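Listed below, chain by chain, are the residues.
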Amino acid sequence: MTTVLITLSASLLCLTGSALCNVVQNPPDLIKNQNDTAEINCVHSVTNYERILWYKHTQATKLKFMGYLNFQTPNPETEFAKISLSGDGRNNGSLIISRLSVSDSAVYFCAAYYTVQ
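Thresholds, definitions, all that
Residues numbered from 1 in each chain as written. Predicted model: local features only at pLDDT ≥ 70, side-chain atom pairs only at ≥ 80, totals over all residues. Heavy atoms only, no water. Disulfide = S-S within 2.5 Å. Helix = DSSP H or I, 4+ residues; strand = E, 2+ residues; numbered from the N terminus. Pairing = 2+ DSSP bridges.

Q: How would you explain the state of the cysteines if you had to name every residue and give the values?
A: Throughout the structure, instances matching the rule amount to one disulfide. A sulfur-sulfur separation of 2.1 Å characterises the disulfide bridge that pairs Cys42 with Cys110. Between Cys42 and Cys110, the S-S dihedral sits near 75°, and the bridge is therefore right-handed. Of this pair, Cys42 sits in strand E4 (residues 38-44) while Cys110 sits in strand E10 (residues 107-113), and the two are 68 residues apart along the sequence.

So, in structure tokens, the structure goes:
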């Protein structure tokens with residue numbers, strides 16, 4: 001049985017200097033077996049931010065945008081077919097990665113974001 005190590009880190013994108021930035025990502029670390037499912041949660045308390053964005057970073061690749069949760073609508077990038085996004089971008093969201101493989105070992109970042117209308 002192959003063990004897959006997934007390392008997590010948290011980040012918050014604040015677009016205005018006056019915004020109070022607060023984000024919590026859990027769990028801080030995960031160790032899973034191949035073909036397991038991993039769930040990473042992201043919670044923020046920034047008023048008027050309605051999106052949670054997800055990124056993946058490995059030693060071999062640059063930061064890759066995985067997709068975002070806009071309000072309650074998931075918008076995953078097509079290259080990340082085995083992920084699902086759930087929750088509400090206004091305060092909490094989950095990234096779920098199914099059928100884990102060694103290529104899923106990475107640092108995952110979430111960020112809160114708002115759109116200017």
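Q: Could you give me a rundown of the pairing of strand E6 (residues 64-70), with the residues and numbers involved?
A: One ladder, built from six bridges, connects strand E5 (residues 51-57) with E6; its direction is antiparallel. Considered in E6, the bridge of Arg51 is made with Asn70. Between the end of E5 and the start of E6, which pair antiparallel, lie six residues. Pairing geometry for E6 and strand E7 (residues 73-76), over four bridges, is antiparallel. From the neighbouring strand, Asn70 faces E7, where its bridge partner is Thr73. Taking the residues between adjacent antiparallel strands as the criterion, E6 and E7 are bridged by two residues, where Phe71 takes a positive phi near 55°.

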